[in-house]
Amino acid sequence: MRTPLIAANWKMHKTIPEAEALASELLPLVADVEDREVVLCPPFPALAAVAAACRGSRVAVGAQDLHWEAQGAYTGAVSAPMLLAAGCRYVIVGHSERRRYFGEDDATVNKKLAAAFQAGLKPILCLGETLAQRELGLTEALCEIQLRQALAGVEAGRIENLVVAYEPVWAIGTGRTPVPEEAQAVVAFLRRALAGMYGPEPAGRVRLLYGGSVTPENIGGFMAQPDIDGALVGGASLKAETFAAIVKCRIQ
Ligand code: PGA
C-alpha cells in the first residue's frame, strides 16, 4: 500500500559538477527500480542541476531545508516556491543537524512544514532522541512531542504527502544503529500517534523511514519491519554504488 522510499541526504557535500557526476553515475544503476521511490537531496546550489539530470527518470529531487516565508528580507534563506521552481518535489525538515547547529526548534519546524505543504512540496520530517534521552527512557515521549509540535495545525488532508524519518541522533554518522526491532517499535509508536491525531486510515498512508548509519549491509533488516517504509541515508548515499545497493536491497 505504501511505496517504499529511499532518500539520499548529501548534506554539505558536492559542488555542482560533483553533484551532476554523482547523479549521472547513480541514475543508470537505479533505472530499473520500479517498486521503490528514490529521492536525492543535494545542497541548494546543485538542486537545479541534479533536477535537470533526473528529468525523465523516476528519481525525484529534494532540498535539505527551507524557510517558512515565500519571500522577503531573510538573508541566506531559500523558500518553498524557489525549491519548487528549482525542480524539487521533496524537502527535508527538522533534521537533527539543523536543530543542533542552527537553532531550529519544534516551532520553526512547524512553520517550515506548513510552508512545504502549502507550496505542494512533500516534507520529510526528521525527529529522534539523543543518547542521553534514550538512556533516560524518554525516546517515545520525545519523539511524540516532536511529532505533535511539528504537525500542530496540519490538517488530515495533507498527511498523505507527509514522510517522517525516525533518526536517533546517536545513530547519525556514528556507525551505531538500533536493532531493526527497536527502530520498528519507535516507528510503530509514531504511526499509532499519527492514528490518534488523524485516524488510522490517513496514518496508514504516511511513509515512515528509518535514518542513521544505514548501509547496504543493514538496510534489509530495517526494510523487513512492518512499519518501516524506507530510509534516509547520509554518508552511504555519497557513493553511487553504495547508495544503489541500498535502493535495491533485498528485504531480509
Ligand atoms: P548517516 O546520516 O546515514 O550518515 O548516519 C543520516 C542522516 O543524517 O539523515
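Numbering of residues starts from 1 in every chain and runs along the sequence as written. Only residues with pLDDT of 70 or above have their local features reported here, since the model is predicted, and side-chain atom pairs are shown and tallied only from 80 upward, although totals for entire chains, interfaces and linings are computed over all residues. Side-chain numbers come from the whole structure's heavy atoms, not from hydrogens or water.

### So, the overall build of the protein chain
The line we're drawing: Each helix is a run of H or I in the DSSP string that is no shorter than four residues. Each strand is a run of E no shorter than two, and both are numbered from the N terminus. Atoms counted for the radius of gyration: C-alpha only. Globule rule: 2.2 Å times the number of residues to the power 0.38. Note on exposure labels: buried denotes an accessible area under 20% of the residue type's maximum, exposed denotes more than 50%, and partly exposed covers the range between, all computed with a 1.4 Å probe on protein chains only. Should any heavy atoms of two residues lie within 4.5 Å, those residues are counted as being in contact. His is not counted, nor are the chain ends; Lys and Arg add positive charge and Asp and Glu add negative charge. To locate a charge, the coordinates of NZ of Lys, CZ of Arg, CG of Asp or CD of Glu are taken.
Along the backbone of the protein chain there are 11 helices and eight strands. In summary, the protein chain has a C-alpha radius of gyration of 17 Å against a globular reference of 18 Å for 252 residues, a match within 12%. Over its C-alpha atoms, taken along the principal directions, the protein chain stretches across nearly 45 × 45 × 35 Å. Counting over 252 residues, the protein chain shows a buried share of 55%. Considering only contacts in the protein chain between residues 6 or more positions apart, those separated by 24 or more positions represent 73%. Between the centroid of the 24 positive side chains of the protein chain and the centroid of its 27 negative side chains there is a distance of 2 Å.

### With respect to the site of the ligand
For clarity, the cut-off: Nearness is defined per residue: one heavy atom within 4 Å of the molecule or strand is enough. Polar contacts here mean pairs of N or O atoms no more than 3.5 Å apart (in protein, one a potential hydrogen donor and the other a potential acceptor; neighbouring residues in sequence count only if both atoms are side-chain atoms). Per-residue accessibility takes into account occlusion by the displayed protein chains alone, with areas from the Shrake-Rupley method and a 1.4 Å probe. Classes in brief: Ala, Val, Leu, Ile, Met, Phe, Trp, Tyr, Cys and Pro nonpolar; Asp, Glu, Lys and Arg charged; the others, Gly included, polar.
Contacts to the ligand come from 13 residues, most closely from Lys11, His95, Glu167, Gly173 and Ser213. The backbone of Gly234 places a nitrogen or oxygen atom 2.8 Å from an oxygen atom of the ligand. Summarising the interface, the protein chains cover 95% of the accessible area of the ligand, which totals 280 Å² for the free molecule. Classifying every residue of the shell around the ligand gives four nonpolar, seven polar and two charged.

### Quick look at the environment of Met12
With respect to the helices and strands, Met12 occurs in the loop between strand E1 (5-9) and helix H1 (16-30). Its relative accessible area of 80% is what places Met12 among the exposed residues. Sequence separation between Met12 and Pro42 is 30 residues; the distance between their C-alpha atoms is 7.9 Å.

### Here we look at the sheet that holds strand E4 (residues 90-93)
How we decide: Note: two strands are recorded as paired if DSSP finds a minimum of 2 bridges between them. Lines are fitted to the C-alpha atoms to define the axes, a helix being fitted only along its stretch in contact, and any angle between axes, read from their N-to-C directions, falls within 0 to 180 degrees.
Taken in spatial order, the eight strands close into a barrel running E1-E2-E3-E4-E5-E6-E7-E8, and their pairing is parallel. Direction aside, the axes of adjacent strands within the sheet are offset by 25 degrees on average. The pairing of strand E3 (residues 59-63) with E4 spans two bridges and is parallel. Residue Ala63 lies in a different strand from E4, and its bridge partner there is Val91.

### Observations regarding the environment of Cys249
Here Cys249 is to be found in the segment after helix H11 (240-247). Residues Cys249 and Gly220, spaced 29 residues apart in sequence, show a C-alpha to C-alpha distance of 6.0 Å.

### A word on helix H7 (residues 139-150)
Counted only if it meets this: To estimate how far a helix should extend, the number of its residues minus one is multiplied by 1.5 Å. Taken from the helix axis, the directions to the C-beta atoms give the arc we talk about.
Helix length check: H7 (12 residues) gives 16 Å between terminal C-alpha atoms against 16 Å at 1.5 Å per residue, within 8%. All of the buried residues in H7 are Thr139, Leu142, Cys143, Gln146, Leu147 and Ala150. Along the long axis of H7, the arc covered by the buried residues comes to 130 degrees, so they all point the same way. Looking at the packing, one finds that the buried side of H7 touches helix H4 (96-101), helix H5 (106-119), strand E5 (122-127), helix H6 (131-135), strand E6 (163-166) and helix H8 (180-198).

### What about unusual backbone geometry?
Most peptide bonds take the trans configuration, and most residues that are not glycine carry a negative phi. Look at Lys11: it is not a glycine, yet its phi comes out positive at around 50 degrees. Turning to its location among the elements, Lys11 is positioned in the loop between E1 and H1. Residues other than glycine seldom take positive phi values, yet Ser213 does so here, at roughly 55 degrees. Within the secondary structure layout, Ser213 lies in the loop between strand E7 (207-211) and helix H10 (219-223). For Ser213, a relative accessible area of 18% translates into the label buried.

### Overview of the packing of aromatic side chains
Defined as follows: Paired rings are identified among Phe, Tyr and Trp, the last through its six-membered ring, by centres lying within 6.5 Å, and are further divided according to the angle between planes into stacked (under 30 degrees), edge-to-face (over 60) and tilted (the rest).
Within this structure, the stated rule accounts for two aromatic pairs. Between Tyr166 and Tyr210 the ring centres are 6.5 Å apart and the planes differ by 65 degrees, which places this aromatic pair in the edge-to-face class. Of this pair, Tyr166 sits in strand E6 while Tyr210 sits in strand E7, placing them 44 residues apart in sequence. Both residues of the pair, Tyr166 and Tyr210, count as buried. With a centroid separation of 4.1 Å and 10 degrees between ring planes, the pair formed by Tyr210 and Phe222 is classed as stacked. Taken together, the residues Tyr210 in strand E7 and Phe222 in helix H10 connect sequence positions 12 residues apart. The same class applies to Tyr210 as to Phe222, namely buried.

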